Amino acid sequence: MSSRLEWLGSLPLEEAETHLLTCNASRTWARKMVANRPYADESSLIAAAVTGVTELSWTDVEEALSAHPRIGERTAAAHQSEREAKWSADEQSGASDADDQVKADLAAWNVTYEEHFGHVFLIRAAGRSATEMLSELQRRLGNSVAEEQLTVRRELADITGLRIRKLLEDK
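Positions within a chain are numbered from 1, following the residues in the order the chain's sequence is written. Local features are withheld for residues below a pLDDT of 70 in this predicted model, meaning they are given only at 70 or higher, and side-chain atom pairs are given and counted only at 80 or more; totals for whole chains, interfaces and linings count all residues. Only hydrogens and water are set aside; all other atoms, that is, all heavy atoms of the structure, feed into the side-chain values.

With that out of the way, let us pick up the nonpolar core. Of all hydrophobic cores here, the largest spans 44 residues; its most connected members are L20, W29, L45 and I164. In this description a helix means any DSSP run of H or I spanning at least four residues, a strand means any run of E spanning at least two, and both kinds are numbered starting from the N terminus. Of all the secondary-structure elements, those providing two or more residues to this core are α1 (3–10), α2 (13–21), α3 (27–35), α4 (42–54), α5 (58–65), α8 (100–117), α9 (130–140) and α10 (145–169). It is α10 that contributes the most residues to this core, 7 residues altogether. What makes two residues a contact is simply this: any of their non-hydrogen atoms within 4.5 Å. Residues contacting W29, with those up to four places away along its chain left out, are L20, C23, N24, A49, G52, V53, L56, T160 and I164. For our purposes a nonpolar core is just a set of buried Ala, Val, Leu, Ile, Met, Phe, Trp, Tyr and Cys residues, chained together by side-chain atoms within 4.5 Å. Here the term buried applies to any residue with accessible area under 20% of the maximum for its type, exposed to any over 50%, and partly exposed to those in between, with areas from a 1.4 Å probe on protein chains only.

Structure representation (structure tokens):
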């Protein structure tokens, strides 16, 4: 077992939950992750984190979404920690490097998406340009609610897995 995994396994329940909430803001998800400690290895932890997202109720997914700012916005969501804000800014660097027109289009289409689906547009932004994210946002507006909820879960699972890795790297 790695020392980073030992660190997470040795934390008191509440402290471990607080750290995990920076990876996914669903309290249900974080509690389950803490309850299932210890993990055999980092791969098992990441697999459990990703699987745990797929098992969340939609209400729990919406709780997780509440910690994500709109694509292209630097403002942290209400429940976002300093660590999450930094990760989000790093992940969204492709959007911050965009030209003014693409930024304006992202802002406008984010609102359209939220009005249509009732929640923030979520995409694993790491490694994607603003133009790619804008194109995906526009494409996903054609999804049914059920299709979009599946897509959001996949994106949330990807983000959660990336953030678990970052959490461990920070230790």
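So much for the structure itself; the text now carries on.
Moving on: the side chain of E148. In this structure, E148 sits in helix α10. Residues adjacent in sequence count toward polar contacts only when both atoms are side-chain atoms; beyond that, a polar contact is any pair of N or O atoms within 3.5 Å, and within protein one must be able to donate a hydrogen and the other to accept it. Within polar-contact distance, the side chain of E148 engages the side chain of R140 at 2.5 Å. Excluding residues that lie within four positions of it along the chain, E148 makes contacts with Y113, F117, R140 and N143.

Below, the discussion takes up unusual backbone geometry. Residue P38 is reached from R37 by a cis peptide bond, and omega for that bond is 0°. Secondary-structure assignment places P38 in the loop between α3 and α4.

Right, let's talk about the side chain of S26 for a bit. Considering the arrangement of structural elements, one finds S26 in the loop between α2 and α3. From its side chain, S26 meets the backbone nitrogen of W29 in a polar contact 3.1 Å long.

None of the figures reported here should be taken as evidence of function without further support.
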